[in-house]
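# Overview (structure and organization)
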Amino acid sequence: MSAVRRLAVALLAVSVILVAGAAPPAQAQTTLRVVMHSDLKIVDPIWTTAYIVRNHGYMVYDTLFAMDAKGEIRPQMVDKYDVSADKLTYTLTLRDGLLWHDGKPVTSEDCVASIKRWGAKDSMGQKLMSFVKELQVVNPKTFKIILKESTGLVLGALGKPSSNVPFMMPKRVAETDPNTQISEFIGSGPFIFKKDEWKPGDKAVWVKNPQYKPRSEAPSGLAGGKVVKVDRVEWRAIPDHQTAINALLAGEIDYMESPPHDLYPVLKQDANVRLVSLNPLGNQYTFRYNTLHKPFNDPKVRQAVMWAFNQEDFLKAVIGDKQYYKVCQSLFPCGTPLESRKGLEGGLLVESNFTKAKQLLKEAGYDGTTIVLMHSSDLAVLNNLAPVAKSLMEKAGFKVDMHSMDWQTLVSRRAKKDPPTAGGWHAFLTSWVSADILNPVMAGFLNSACDKAMFGWPCDEQMEKLRDQYARETDPGKQKAIAEAVQVRLTQYPTHIPLGQWYGAVAVRKNVQGMVEAPVTVFWNVEIKK
Amino acid sequence: MLPYIGRRLLATIPVMAVVAVFVFLLLRLTAGDPAAIIAGDNATARDVAQIREKLGLDQPIVQQFIIWIGKTLRGDLGESFFFKKTVTELILGRVEPTLALATCTLLLAVTMAVPLGVTAAYKRGSWIDRFVMGLSVLGFSVPVFVIGYALMYLFAIHFAWLPVQGYQRIGDGFGGFIQRLVLPSFTLAIIYVALIARITRASVLEVLGADHVRTARAKGLADLPVLLRHVLRNAAVPIVTVIGLGVALLIGGVVVTESVFAIPGLGRLTVDAVLARDYPTVQAVVLLFSGVYVLINLLVDLTYTFLDPRIRY
């Protein structure tokens, strides 16, 4: 055989191998291939507040109540519930036919244990549990929540849409110490987690739960019927955005949860891909002060920053496209029941007023202390925020030293109470999922309980009183009035500054349909059309 | 030779000890707290403190080091902070893709670079020589990820001949396995080809001018046998050396290439572990890479004795 013939045979052999590899595998089932915003490394949604784990939670577990598209709390696992006349006893009855993935029935005991574990860990759960006198099992399908005093938190907390979500787990699992990760991943949700196929850094797999009985209502937000229309969902770990987009364009994946805004034009050009906005509430950018140290220990100086900022500058710098951001002159997200402009008159948050800011700094006797501003430089949705903040603060007369770092370093550093000159900090910018900040109790940055507050440690008795009043109030009208008082108080004693709402879109192949609009990415109702 | 190998293996112990201390301290000195990362964005200081305690990060650094090194010496690399898996399990699950990528890259690089280098030397000053050296400069200058994206666009998006990303285990089908390795291996091989081709050219050029080559030609031997029998064999020592030393380049390249092509190998594990400050995993992977590097250098030294009979240990 000549060298040329040998080469030809070798090339032919390689071609056959490559063609054989290119042939699509016979698929007896529909698989939705998804790239999420992050890899799934932890699988206990009570142990961590990480959003990717919360999203996994919605696959595997179900909730007693859930928030619908209008922001109202609806029964989910609960069939019916009854509130006593004195509003001190909630009697909850579970739906018929609820089963764990191992085939055993869901019981009241399971739910009570689950509420206790969540209530020990989640901040809103802790608040709720401070009102709870007893969780009483009546029978396998009914249990009672007996309160010490009335509160409007019960349904809102049990139907809380975001981290930590009160997911129901079997009693034996829910009895795990809340500070220890669970090791059994059995839920009663619409999907079953395939632990044997979970390869962190590669993929996580769920299959349809054939025993799941969806509610009869149409899906609405996180409530309603969770009808699964694919056999299998795979979350593929593709950390590089560009590669994930290329994979979507090439049809190797079907769904990308959070493509970066600057790559939307690439996706819009492809006829086989579409961008769909699924989270109507979006997210809120936020500037957080550290109130422990000079000069931000003085509310007047913090007010000066508030007057110097305008939301549009931040939103333009990061998101750019007006279709995906909204200036929102409200502490609580626009489009939610507690949206209000009370106390924000005079263009606060929407127009920079450097004269007012300078005047406040003068009144406060600002001595030119350099502000240590932490800048997260590795996340596209945060990267441009700090430079804008620095520029606006400098225009108001502040001296600012911007420290650039990756987000994980920032997360570690923000927990430090040391003076800014000794490794501490004065301020940073972040983003909240709107579903996490819907009211004064949920919104973590409003917690002003000094040492018990989140990093930044604001300490304000008046704010805490208002938050407490809100927790106790059961009338929605009065709750709104309290929320407005909280907003007014925020302008007097700023704990943080809301910097506008922004929205992302998921990118999907054209044949992927039925996605549910909700503040969390969920996969029930999603189907792949042939 | 056995005593030499024994001595070299013994010498790896202090090297690995230094690496262990260095990587342990470096991780602790780097900003970032794994407990804060695990706890998530909405966690309170109390949550973070509880997780730190659970992970043993509240103990003094010396104590943490003694516990870790003690376990490592007993063959226990510990448990990952994030994945509910032992580090050994994690590493074993990631070895195959990295090994496959490295082997493919090495084969591709050597089979491309050595003929290119020899041809460039043989045709010194010609357009082929200039072309090869030009390519070599380009290969060195363009970052691996740029090459990766360019190849991905051309062959996976534009022509749709190859997959964009991912890895298929060899057990799940050889065709898919090879198909998914072509682009990443080629991407990673380019810098390696540049390095080996340059060294091959220089080495072959040196030998081409030697007396024994002139004698072989004078005897009437054809060019190809002269190149293969008398030139390449004598030029092999520096080439093998650079292939061995280049493994460090390969390890660095694997980290980037695996990220660009979403290959779940050791490189990706390293990146993920570093970003998440997963100390036990980073420590184990760095120790593993260091051990592999030391052993490859030993292997290269031993190869010399086969290539050059004058070398004896």
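Residues numbered from 1 in each chain as written. Chains lettered and ligands numbered in written order. Predicted model: local features only at pLDDT ≥ 70, side-chain atom pairs only at ≥ 80, totals over all residues. Heavy atoms only, no water.

All right, on to the domain arrangement of chain B then. Many descriptions give the size of an interface as the accessible area lost when the pieces come together. Residue and element names in this part refer to chain B. Per the domain assignment, the segments making up chain B are domain 1 (2-73) and domain 2 (92-312). Facing 21 residues of domain 1, the contacting portion of domain 2 comprises 16 residues. The contact between domain 1 and domain 2 buries some 1,600 Å² in all, and 76% of this surface belongs to carbon and sulfur atoms. Among the residues of domain 1 in contact with domain 2, Arg 8, Met 16 and Leu 27 are the three that bury the most area, contributing 30% of the side total. Across the domain 1-domain 2 interface, the total number found is one salt bridge. For the pair domain 1 and domain 2, the number of links is two residue pairs in polar contact (both at pLDDT 80 or more). Where the side of domain 1 that touches domain 2 is concerned, the elements lending two or more residues are helix H1 (2-29), helix H2 (34-39) and helix H4 (61-73). Of the residues forming the side of domain 1 that touches domain 2, the biggest block, 13 residues, is contributed by H1. The residue makeup of the side of domain 1 that touches domain 2, split by class, is 15 nonpolar, four polar and two charged. (Domains from an automatic or database assignment. Contact = heavy atoms within 4.5 Å. Buried area = accessible area lost by both parts, 1.4 Å probe. Salt bridge = Lys/Arg side-chain N within 4 Å of Asp/Glu carboxyl O. Polar contact = N/O pair within 3.5 Å; in protein donor to acceptor, adjacent residues only side chain to side chain. Helix = DSSP H or I, 4+ residues; strand = E, 2+ residues; numbered from the N terminus. Nonpolar A, V, L, I, M, F, W, Y, C, P; charged D, E, K, R; others polar.)

Strand order across the open sheet formed by six strands is S14-S18-S13-S17-S15-S16 (chain A), with mixed pairing between neighbours. Only two strands of the sheet have a single neighbouring strand rather than two, namely strand S14 (325-326) and strand S16 (399-405) of chain A. (Pairing = 2+ DSSP bridges.)

Further remarks concern the pattern of salt bridges. Enumeration over the complete set of coordinates arrives at 33 salt bridges over all chains. A salt bridge links Asp468(A) to Arg472(A); its shortest N-O distance comes to 3.0 Å. Residue Asp468(A) and its partner Arg472(A) are both found in helix H15 (residues 461-472); the two are separated by four residues, about one turn of the helix. Judged by its relative accessible area of 23%, Asp468(A) is partly exposed. Linking Asp211(B) and Arg214(B) is a salt bridge whose minimum nitrogen-to-oxygen distance equals 3.3 Å. Of the two residues, Asp211(B) and Arg214(B) are both situated in helix H9 (residues 211-218); the distance of three residues between them amounts to about one turn of the helix. (Buried < 20%, exposed > 50% of the residue type's maximum accessible area, 1.4 Å probe, protein only.)

All names here are of chain B. A surface patch of nonpolar side chains, amounting to about 360 Å² of accessible area, comprises Val 21, Leu 25, Leu 29 and Ile 61. Considering each element in turn, the nonpolar patch owes the most residues, three residues, to H1. With respect to the helices, strands and loops of the structure, Leu 25 is situated in helix H1. By relative accessible area, Leu 25 is classed as partly exposed at 40%. (Patch = residues over 30% accessible without salt bridge, like charges linked within 9 Å, V, L, I, M, F, W, Y side chains within 5 Å. Areas by Shrake-Rupley, 256 points an atom, 1.4 Å probe, with all protein chains shown as cover.)

Among the nonpolar cores identified, the biggest contains 203 residues, and Leu64(A), Trp235(A), Phe287(A), Phe309(A) and Phe398(A) are the most heavily contacted of them. Excluding anything up to four places from it in sequence, Phe287(A) contacts Val305(A), Phe309(A), Leu373(A), Ala389(A), Met393(A), Ala427(A), Phe428(A), Leu429(A), His496(A), Ile497(A) and Leu499(A). Core analysis: the next-biggest nonpolar cluster, separate from the first, contains 33 residues, Ala507(A), Ala102(B), Tyr167(B) and Val260(B) among them. (Core = buried A, V, L, I, M, F, W, Y, C linked by side-chain atoms within 4.5 Å.)

All names here are of chain A. Going through the model one piece at a time under the given rule, you end up with 33 aromatic pairs over all chains. Between the aromatic rings of Phe 287 and Phe 309, the centroid separation amounts to 5.1 Å while the plane-to-plane angle is 85 degrees, which identifies the pairing as edge-to-face. Pair noted here: Phe 287 is in strand S13 (residues 283-289) and Phe 309 is in the loop between helix H9 (299-308) and helix H10 (311-318), with a separation of 22 residues, a long-range link. Per residue, the accessibility class of Phe 287 equals that of Phe 309, and both read buried. Among the aromatic residues, ring-to-ring pairing joins Phe 185, Phe 193, Trp 198, Trp 206, Trp 235, Tyr 255 and Phe 523 into one connected group. The ring of Tyr 289 has Arg 302 sitting right over it, with the charged end atom 5.8 Å from the ring centre. Residue placement shows Arg 302 over the ring face of Tyr 493; its charged tip is 4.5 Å from the ring centre. (Phe/Tyr/Trp six-rings, centres within 6.5 Å; stacked < 30°, edge-to-face > 60°. Lys NZ or Arg CZ within 6 Å of the ring centre and 35° of its normal.)

Facing 47 residues of chain A, the contacting portion of chain B comprises 43 residues. Across the chain A/chain B interface, buried area totals approximately 3,900 Å², and carbon plus sulfur atoms make up 56% of it. The residue Lys54(B) makes a salt bridge to Asp177(A) at a minimum N-O spacing of 3.9 Å. Along the contact surface separating chain A from chain B lie 13 residue pairs in polar contact (both at pLDDT 80 or more). Of all the elements in the fold, those that place two or more residues in the side of chain A that touches chain B are helix H1 (3-22), helix H3 (108-121), helix H7 (241-249) and helix H14 (407-413) of chain A. The residue makeup of the side of chain A that touches chain B, split by class, is 22 nonpolar, 16 polar and nine charged.

All names here are of chain A. Evaluated as defined, the whole model comprises two disulfides over all chains. Put simply, Cys 328 and Cys 334 are joined by a disulfide, and their sulfur atoms are 2.1 Å apart. Between Cys 328 and Cys 334, the S-S torsion sits near 95 degrees, and that sign places the bridge as right-handed. Relative accessible area serves as the criterion here: at 2%, Cys 328 is assigned to the buried category. At a sulfur-sulfur separation of 1.8 Å, the disulfide partner of Cys 450 is Cys 459. Judged by the sign of its S-S torsion, about 65 degrees, the cystine formed by Cys 450 and Cys 459 is right-handed. (Disulfide = S-S within 2.5 Å.)

Glancing now at the side chain of Ser203(B). Inspection of the secondary structure puts Ser203(B) in helix H8 (residues 174-208). Apart from residues no more than four positions distant in its own chain, Ser203(B) is found in contact with Ala235(B) and Pro238(B).

Looking now at the confidence of the model for chain A. Averaged over every residue, the pLDDT of chain A is 92; residues scoring 70 or more account for 95%. Here residues 14-27 of chain A is modelled with pLDDT under 50, and outside its nearest four sequence neighbours on either side it reaches 10 contacts, counting other chains as well. (pLDDT = per-residue confidence, 0-100.)

All names here are of chain A. What the domain assignment lists for chain A is domain 1 (40-180), domain 2 (203-280 + 504-528) and domain 3 (283-502). For domain 2 and domain 3, the distance between their C-alpha centres works out to 32 Å. Each partner contributes residues to the interface: domain 2 has eight residues there, and domain 3 has seven residues. When domain 2 packs against domain 3, close to 630 Å² is buried across both sides, 60% of that on carbon and sulfur atoms. A salt bridge links Lys 268 to Asp 321; its shortest N-O distance comes to 3.9 Å. Applying the counting criterion to the domain 2 and domain 3 interface returns zero residue pairs in polar contact (both at pLDDT 80 or more). The class makeup of the residues in the side of domain 2 that touches domain 3 is four nonpolar, three polar and one charged.

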